[in-house]
Structure formats: structure tokens, C-alpha cells
There are 2 protein chains.
Amino acid sequence: MSNMGYAGHMELHEPELRDVPITAVLAALADDVRLQIVRALAQGGEYACGTFEFGVSKATRSHHLKVLREAGLTRTRVAGTSRYVRLRREELERLYPGLLDAVLAAPAHA
Amino acid sequence: MSNMGYAGHMELHEPELRDVPITAVLAALADDVRLQIVRALAQGGEYACGTFEFGVSKATRSHHLKVLREAGLTRTRVAGTSRYVRLRREELERLYPGLLDAVLAAPAHA
DNA sequence: TCCAATGTTCGAGTACCATCGAACCAACGA
DNA sequence: TCGTTGGTTCGATGGTACTCGAACATTGGA
């Protein structure tokens, strides 16, 4: 596998939530930008990556979405030039019941 | 305040949980050593700092206990040469219901 | 008074993380 | 075919976090 480089139409890395250490899940949530993304996703439905304008560059946004995805928190659907992200609510609730609600219940900026 | 240095009998910094950003709480929990400490504390009761032997030096242990304390997760009682630490369960449960249980429900090492 | 026990702080090393601009890729339309 | 759009990756930078040994402070006992 010398130089696979760009991941264009490659399979996205979306691990099973139970294979992700809880510390990685918590670390993924322990960032302001990512938490804003999760809050937005928690409204339900799918969002194109570009939806999330939280004062960071698109490179940084892409990075955060990758962290969330690889922590097993989101799923991404590729469609055309866009990617649609959604929260893996049920799996999250099944494995860590109450976690997401507790995090979302927190005041946004305190 | 030229040289206060050691904090010996100073007041310990134990913020109100509601004054701590949720990201700081999550970050405090997003570490293996600290999670082991929290698991031990979750048994209930008080533990002297020295109780926690999780393969780190006492300097590192002291650091982690400080992080937990300043995240509003633990309370520390000074008695003689020892310090007794306990989990602030009720406050945690009141502010972030389900969070602790969800974290503790996770498998210890996965 | 001296010493051992319990923790904390300091300084330094290392590693990791968030951030950005630039370069890039793939898909779509004109 | 060419440019635009949506998004990722690369490389670098600055900051932060974990870790340790050494030095220190405090208490309590011999």
C-alpha cells in the first residue's frame, strides 16, 4: 500500500461504537467546535458538511468531522460532491444510555 | 504575592460544577488513568490519594487528581498528612443526569 | 529534634491536538 | 473541455497535555 493518498471514493472509516474506547468518545465530545456540530446534528436529519459554519476553516471543519466519525458518533453518506452527516443516535443510546442527553443538556457556553 | 509556592494548607480549588464548561468535564473523563480513579471512587466513600496505584508516578497521580478536582468532579478533605478524595456524585447527577452512569457502564478497557 | 510518610510543585521532555493556507481530488454544469 | 463547487489531505505552527525525577512542604511519631 505504497501511496493510496486521497480517499475520494474509498470506504469511509466508521467503526462500530463498541470498538471505540470510551475515552475516545469522550475526547471527541470534549471540544467546543465538535460539540456545536453535535448539537446541530442532534436536531435530527442529515446535514451537508458545509452546513457547519462555526468560525473555523474548512480544513479544520473537515478534521473535526473526521474525529467524530472515527469516534463512532456520526455516519456519513456520500452523494455527488457533497457528504451528508448524521448522528448515530440509536447506537449511542444503546451503548451509553443517557450520555448524549446529558451532554446536550449542558448549557451551550459555560 | 511574590512567592506563595506550596499550597500546603491553602484552600483547595473546588469550583462549582455549573461553572465548569462541559468540555472540561468531558476532557477530565477522557483519560484512562483518571477514568480508573473515577471508577474506584464510584464504589463510594473516601480514598486517600495513595490508594490509587495505576502505574503512574505519584507526581502524575497528583496531577490527575488535580484535574478531576478542578473539573468539579471530586472533593478533597485534608486530614493530617493525607488527603481524602471522594466523588461529587449528587451534584454531578443533578447537573448531568445519566452522564456518570453512562461512562461507568462502558467496558473498562475497550 | 530528627526522620519518615504523604502529597504537591517545578522543570523538562515528549507527544499529541487544533488550526490554517495551499494543493489536491471528484463531480457536476455550462 | 473547462471552470466551479464541496470536501479532503498535506505540511507547518503554536499550544496544550501526560509523564517523570527531583526538590519541597506539612504532619506526626520516635
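Residues numbered from 1 in each chain as written. Chains lettered and ligands numbered in written order. Predicted model: local features only at pLDDT ≥ 70, side-chain atom pairs only at ≥ 80, totals over all residues. Heavy atoms only, no water.

(A) Representation of the nonpolar core within the structure. In terms of nonpolar packing, the biggest core is built from 56 residues, with A:Val25, A:Tyr96, B:Val25 and B:Tyr96 touching the most fellow members. The biggest single contributor to this core is helix 2 (residues 32-41) of chain A, with 6 residues. Ignoring sequence-local partners within four residues, the contact set of A:Val25 consists of A:Leu17, A:Val20, A:Ala71, A:Leu73, A:Tyr96 and A:Leu99. (Core = buried A, V, L, I, M, F, W, Y, C linked by side-chain atoms within 4.5 Å. Buried < 20%, exposed > 50% of the residue type's maximum accessible area, 1.4 Å probe, protein only. Helix = DSSP H or I, 4+ residues; strand = E, 2+ residues; numbered from the N terminus. Contact = heavy atoms within 4.5 Å.)

(B) The confidence of the model for chain A, seen in detail. Mean pLDDT for chain A: 90, with 88% of residues reaching 70 or above. In the predicted structure, residues 1-9 of chain A sits below a pLDDT of 50 and forms 2 contacts with residues beyond four places in sequence or in another chain. (pLDDT = per-residue confidence, 0-100.)

(C) Layout of the packing of aromatic side chains. Residue and element names in this part refer to chain A. Summed over the entire model, instances satisfying the criterion amount to 4 aromatic pairs over all chains. Summarising the aromatic geometry, the rings of Tyr47 and Phe52 are spaced 6.0 Å apart at their centres and angled 45 degrees between planes, so their arrangement reads as tilted. Residue classification places Phe52 among the buried residues on the basis of a relative accessible area of 3%. Members of the aromatic cluster, each reached through a chain of ring pairs, are Tyr47, Phe52 and Phe54. (Phe/Tyr/Trp six-rings, centres within 6.5 Å; stacked < 30°, edge-to-face > 60°.)

(D) Up close: the packing of helix 2 (residues 32-41) of chain B against helix 3 (residues 58-70) of chain B. Residues and elements named next belong to chain B. At their nearest, the axes of helix 2 and helix 3 sit 10 Å apart, and the two run at 70 degrees to each other. Overall, the two elements helix 2 and helix 3 adopt an arrangement that is roughly perpendicular. The handedness of the crossing between helix 2 and helix 3 is right-handed. Here helix 2 contributes Val33, Arg34, Ile37 and Val38 to the contact with helix 3, which in turn contributes His63, His64, Leu65, Val67 and Leu68. (Axes fitted to C-alpha atoms, helices over the stretch in contact; angles between N-to-C directions. Parallel < 35°, antiparallel > 145°, perpendicular 65-115°, else oblique. Left-handed = near helix turned anticlockwise from the far one by under 90°.)

(E) Main features of the interface of chain B and chain A. In this complex, chain B contributes 22 residues to the contact, which on the side of chain A involves 22 residues. Taking both sides of the interface into account, the surface hidden between chain B and chain A amounts to around 1600 Å²; carbon and sulfur atoms contribute 76%. Where chain B meets chain A, there are 0 salt bridges. Secondary structure elements with two or more residues in the side of chain B that touches chain A: helix 1 (22-29), helix 2 and helix 5 (99-105) of chain B. Taken together, the residues of the side of chain B that touches chain A break down into 15 nonpolar, 2 polar and 5 charged. (Buried area = accessible area lost by both parts, 1.4 Å probe. Salt bridge = Lys/Arg side-chain N within 4 Å of Asp/Glu carboxyl O. Nonpolar A, V, L, I, M, F, W, Y, C, P; charged D, E, K, R; others polar.)

(F) Here's a closer look at the relation of the copies chain B and chain A. At an RMSD of 0.0 Å, chain B and chain A line up after a rotation of 180 degrees and a shift of 0.0 Å along the axis. The superposition of one copy onto the other is thereby described by a two-fold rotation axis. Both copies present the same face, since 100% of the interface residues in chain B are matched by interface residues at the equivalent positions in chain A. (Least-squares fit on C-alpha atoms with pLDDT ≥ 70 in both.)

(G) Layout of helix 1 (residues 22-29) of chain A. Burial within helix 1 of chain A is extensive, with 6 of its 8 residues counted as buried. Listed in full, the buried residues belonging to helix 1 of chain A are A:Ile22, A:Thr23, A:Val25, A:Leu26, A:Ala28 and A:Leu29. In this structure, the buried side of helix 1 of chain A is in contact with helix 2, helix 3 (58-70) and helix 5 (99-105) of chain A together with helix 1, helix 2 and helix 5 of chain B.

(H) The pattern of salt bridges, seen in detail. Residue and element names in this part refer to chain A. Here the structure, examined in full by the defined rule, presents 14 salt bridges over all chains. Its salt-bridge partner being Glu14, residue Arg75 comes within 3.2 Å of it at the nearest N-O pair. Of the two residues, Arg75 is situated in strand 2 (residues 74-79) and Glu14 in the segment before helix 1; the sequence distance between them amounts to 61 residues. Overall, the relative accessible area of 24% leaves Arg75 in the partly exposed class. Between Arg18 and Glu16 there is a salt bridge, with the nearest N and O atoms lying 3.8 Å from each other. Because the salt bridges share partners, they merge into one network encompassing Glu14, Arg75, Arg88 and Glu91.

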